[in-house]
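# Per-entry structural report
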Amino acid sequence: ETELKKLMTEIQSDFKCLGVLEPHSWKKGEPCVVRGSDILWYRGKVVGLGSSALQVQFIDHGFIETVIPCHVYPTTLYTSIPPFCIPCQLSKTVPVGNFLQQDAVGCLQELLANEEVEVHVQELPNNPWDNLSIKLYFGGISLSSFMAYQKYCVAEDCDVAELVRFDIPGLPSYVLPPLPVPGDTFPVSVTHLVSPKEVYICRDQKNLVKKSAAEGDASCDRELESLDEALKWWSKSAEYLPPLTQLETDMPCLVEYEDGLWYRGKVLSIEEFNLDKILVQFVDYGSFSIVPASRLRSIPYYLLKYPVQAVRALLAGFKPPLYDRNVERVPCAPEWSEEALWALMECVEGKQLSASVLALSPELTISLYEDDKNLVHKKLIEKGLADLDE
């Protein structure tokens with residue numbers, strides 16, 4: 001990318017003061033520079049001749065445009081530099097009808113334009129100018145499998161059932177993350193508060209990456225990046241997700257949040273005969289929401305392999321105050337005042353915290369510390385919103 005930017009700068013400098021081109025007899029395959037719609041000059045190659053226009057391929061970007069001759073200039077200045085764009089074709093993948101239909105092209109443009117993807121080279125061409133045979137993955141999904149699932153093509157050697165499967169037999173559950181052993185202290189953030197005693201925590205990935213990199217293992221970070229990438233892709237392509245049918249409790253799904261993006265979720269309860277009120281939990285955050293069925297989609301099977309990011313935990317070391325005159329109570333935990341909940345939220349929201357595991361069963365119980373090593377509930381006790389629990 002850096003080399004291409006340097007070349008583009010050089011081309012603009014070399015061709016900024018061009019005069020009017022004298023009549024030129026163009027030939028197919030002739031190298032040139034071509035002025036794009038952004039008024040910049042690009043390396044090109046003439047691939048088609050017309051009576052009043054030329055078809056020119058932008059060789060460093062791959063696309064072909066019809067251009068009037070006054071915007072094309074013959075040159076051999078940069079022919080010693082190989083094109084930065086490599087022509088590729090999907091390995092063992094044949095479009096239905098032997099050419100991609102317009103809706104398939106539109107789908108590919110929407111999915112892949114200006115996006116970073118993973119490419120696995122399958123076979124080198126005999127002629128270096130021919131297409132490179134590849135397998136392409138976006139967000140962990142095989143593009144061949146996805147296109148076959150959408151019936152845009154026929155693909156050999158790809159497992160559509162595993163990579164793009166939505167009919168999930170037996171309602172498999174999400175994978176739980178490995179938990180530290182009692183006594184371990186580790187960086188966390190609080191993603192959701194149910195009450196002052198019950199929270200959802202997420203292990204802080206940035207600090208874990210530093211630690212795991214030092215230990216030669218960054219698999220946690222790679223998994224999180226892959227999950228985020230996959231969810232980003234599906235948020236762009238929600239129209240290709242089948243709607244959720246035959247709703248059942250604990251069913252994994254994708255849920256559309258208020259920001260218009262899609263996140264992993266789980267159905268918790270369904271109000272009978274009312275599909276506009278379905279209680280779901282966002283499993284990577286711990287938060288809950290009531291949504292209509294129109295904001296639920298079947299989850300691609302492979303997204304279940306990533307461990308959930310948020311884990312429910314109970315905080316140790318404090319209890320509801322013996323005397324509490326606050327009238328407003330937390331609905332799901334009336335022993336606590338709403339003021340205590342807001343006070344704890346102020347202590348933890350958006351902050352880097354650390355947790356120490358006290359017990360894994362019957363429920364995960366932790367001590368939670370601020371960055372100054374003080375227990376987070378210390379401020380609640382000072383304000384009379386909680387009592388110390390010895």
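Everything that follows concerns the structure shown earlier in this document.
These lines cover the structure that appears in this document, whether it is placed above or below. (Residues numbered from 1 in each chain as written. Predicted model: local features only at pLDDT ≥ 70, side-chain atom pairs only at ≥ 80, totals over all residues. Heavy atoms only, no water.)

Turning to the nonpolar core, a few remarks are in order. Judged by nonpolar contacts, the single largest core of 32 residues is most densely connected at Phe138, Phe146, Met147, Trp234, Leu254, Tyr302 and Leu303. Looking at this core, the elements that each hand over two or more residues are helix H2 (102-112), strand E9 (132-138), helix H3 (143-149) and helix H6 (219-236). Examining the composition of this core, we find that 5 residues originate from one element, H6, more than from any other. There are two domains that each give this core at least three residues, and those are domain 2 (88-165) and domain 4 (226-306). Every residue in contact with leucine 303, bar those within four places of it in the chain, is listed here: Leu227, Ala230, Leu231, Trp234, Leu254 and Arg264. By size, the runner-up hydrophobic cluster in this structure holds 30 residues, among which are Ala313, Ala343, Val348 and Leu380. (Core = buried A, V, L, I, M, F, W, Y, C linked by side-chain atoms within 4.5 Å. Buried < 20%, exposed > 50% of the residue type's maximum accessible area, 1.4 Å probe, protein only. Helix = DSSP H or I, 4+ residues; strand = E, 2+ residues; numbered from the N terminus. Domains from an automatic or database assignment. Contact = heavy atoms within 4.5 Å.)

Across all of its chains, the model carries 9 salt bridges by this definition. Between lysine 6 and glutamate 3 there is a salt bridge; the shortest N-O distance is 3.8 Å. With lysine 6 and glutamate 3 both in helix H1 (residues 2-14), this residue pair falls 3 residues apart, about one helical turn. Owing to a relative accessible area of 47%, glutamate 3 belongs among the partly exposed residues under this scheme. Between arginine 329 and aspartate 324 there is a salt bridge, with the nearest N and O atoms lying 3.3 Å from each other. The class of arginine 329 is partly exposed, set by a relative accessible area of 25%. (Salt bridge = Lys/Arg side-chain N within 4 Å of Asp/Glu carboxyl O.)

Sheet architecture is open: 5 strands sit in the order E17-E16-E15-E14-E18, paired in antiparallel fashion. The strands lining the two open edges of the sheet, one partner per strand, are strand E17 (288-291) and strand E18 (296-297). Pairing between strand E14 (residues 252-256) and strand E15 (residues 262-270): 5 bridges, direction antiparallel. Its bridge partner lying in E15, cysteine 253 is registered against glycine 265. (Pairing = 2+ DSSP bridges.)

A few words on the sheet that holds strand E13 (residues 198-203). Around the barrel, 5 strands lie side by side as E12-E13-E19-E24-E23; this closed barrel has mixed pairing. Neighbouring strand axes in the sheet, compared pairwise and without regard to direction, differ in orientation by 60 degrees on average. The pairing of E13 with strand E19 (residues 310-315) spans 5 bridges and is antiparallel. Across the sheet, residue isoleucine 201 finds its bridge partner in E19, namely valine 311. (Axes fitted to C-alpha atoms, helices over the stretch in contact; angles between N-to-C directions.)

Okay, the pairing of E14 next. When a strand is regular, its side chains alternate between the sheet's two faces. The buried fraction of E14 is high, at 4 of 5 residues. Bridge count for E14 against E18 is 2 bridges, and the pairing is antiparallel. When the sheet's bridge partners are listed, valine 255 is paired in E18 with leucine 296.

Quick look at the environment of leucine 18 now. With respect to the helices and strands, the residue leucine 18 is situated in the loop between H1 and strand E1 (31-35). Take leucine 18: its relative accessible area is 31%, and that puts it in the partly exposed class. Considered as a pair, leucine 18 and tyrosine 73 are 55 residues apart in the sequence and their alpha carbons are 9.0 Å apart. Those residues within four positions of leucine 18 in sequence are excluded, and the remaining contacts are Trp41 and Tyr73.

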